[in-house]
Amino acid sequence: MDDSSNKFSVDETANQQERLLPIANVGRIMKQILPQNAKISKEAKETMQECVSEFISFVTGEASDKCKKERRKTVNGDDVCWAMATLGFDDYAPPLKRYLDRYRDLEGDRSTTPQTNNINEDHDDQLLRPSSSSAAKFN
């Protein structure tokens, strides 16, 4: 076996890992929705890692196409929300848009006033966390 074919597979693996979310983060997110005593196999984490990374690429690609058509270089949150709706994720686009609006409101407040800890983080997390009814759709 020559070194160039071995180097290619190492480079290919490195490129694959660069496009994936860190597996520890994926596992942490998965654990948040499961019962405390539940376990997650390595295979399940790797499968989810591949899925979420592909999903991000899919949505970002659609948002990027919109920006190209509009001759803009920067993909923003509104573009992502638009892409979600365009791609048929109608159940997720409105909550994501509300989260984006609240984020912008909070960021605007932070830039004009001293930082305080009066933000309801639990409510913000609930906007992004799937409800049991939306999770049931995938079972």
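What counts and how
- Residues numbered from 1 in each chain as written.
- Predicted model: local features only at pLDDT ≥ 70, side-chain atom pairs only at ≥ 80, totals over all residues.
- Heavy atoms only, no water.
- Phe/Tyr/Trp six-rings, centres within 6.5 Å; stacked < 30°, edge-to-face > 60°.
- Helix = DSSP H or I, 4+ residues; strand = E, 2+ residues; numbered from the N terminus.
- Buried < 20%, exposed > 50% of the residue type's maximum accessible area, 1.4 Å probe, protein only.
- Lys NZ or Arg CZ within 6 Å of the ring centre and 35° of its normal.
- Expected span 1.5 Å × (residues − 1).
- Polar contact = N/O pair within 3.5 Å; in protein donor to acceptor, adjacent residues only side chain to side chain.
- Axes fitted to C-alpha atoms, helices over the stretch in contact; angles between N-to-C directions.
- Parallel < 35°, antiparallel > 145°, perpendicular 65-115°, else oblique.
- Contact = heavy atoms within 4.5 Å.
- Nonpolar A, V, L, I, M, F, W, Y, C, P; charged D, E, K, R; others polar.
- Core = buried A, V, L, I, M, F, W, Y, C linked by side-chain atoms within 4.5 Å.

### Things to note about the packing of aromatic side chains
Scanning the entire structure with this criterion turns up 1 aromatic pair. Aromatic pair Phe-55 and Phe-89: ring centres 5.1 Å apart, planes at 85 degrees, arrangement edge-to-face. Remark: Phe-89 occurs in the loop between helix H4 (77–86) and helix H5 (93–112) and Phe-55 occurs in helix H3 (residues 42–69); sequence separation between them is 34 residues. Residue class for Phe-55 comes out partly exposed when judged on its relative accessible area of 33%. If you follow Lys-66 out to its NZ or CZ, it ends over the ring of Trp-82, 5.5 Å from the centre.

### Some remarks on H3
Taking 1.5 Å per residue as the helical rise, H3 with its 28 residues ought to reach 40 Å, and the 41 Å between its terminal C-alpha atoms agrees with that figure. Gln-49, Ser-53, Val-59, Ala-63, Lys-66 and Cys-67 are the residues of H3 that are buried.

### What to know about H4
Buried within H4 are the following residues: Asp-79, Cys-81, Ala-83 and Met-84. N-cap assignment for H4: the residue whose side-chain oxygen lies 2.9 Å from the backbone N of Asp-78 is Asn-76.

### Let's talk about the packing of H3 against H4
One can describe the packing of H3 onto H4 by two numbers: an axis separation of 8 Å at closest approach and a directional angle of 110 degrees. For the element pair H3 / H4, the angle class is roughly perpendicular. Facing Phe-55, Val-59, Glu-62, Ala-63, Lys-66 and Cys-67 of H3, the residues of H4 in contact are Asp-79, Val-80, Trp-82, Ala-83, Met-84 and Thr-86. Tallied by class, residues from the contact of H3 with H4 come to 8 nonpolar, 1 polar and 3 charged.

### Remarks on the environment of Tyr-99
Note that Tyr-99 resides in helix H5. Classification of Tyr-99 as partly exposed rests on a relative accessible area of 26%. Put simply, Tyr-99 and Gly-77 are 22 residues apart on the chain and 10.0 Å apart in space, counted from C-alpha to C-alpha.

### With respect to the nonpolar core
Judged by nonpolar contacts, Val-59, Ala-63, Ala-83, Met-84 and Ala-93 together constitute the single largest core of 5 residues. Of all the secondary-structure elements, those providing two or more residues to this core are H3 and H4. Setting aside anything within four residues of it in sequence, one finds Ala-63 in contact with Val-75, Asp-79, Val-80 and Ala-83.

### Comments concerning unusual backbone geometry
The backbone of Arg-71 shows a phi angle near 55 degrees, a positive value even though the residue is not glycine. Inspection of the secondary structure puts Arg-71 in the loop between H3 and H4. For Arg-71, a relative accessible area of 79% gives the class exposed.

### Overview of the side chain of Ser-53
With respect to the secondary-structure elements, Ser-53 resides in helix H3. For Ser-53, a relative accessible area of 3% corresponds to the buried category. With sequence-adjacent residues up to four places away left out, Ser-53 is seen in contact with Arg-19, Leu-20 and Leu-21.

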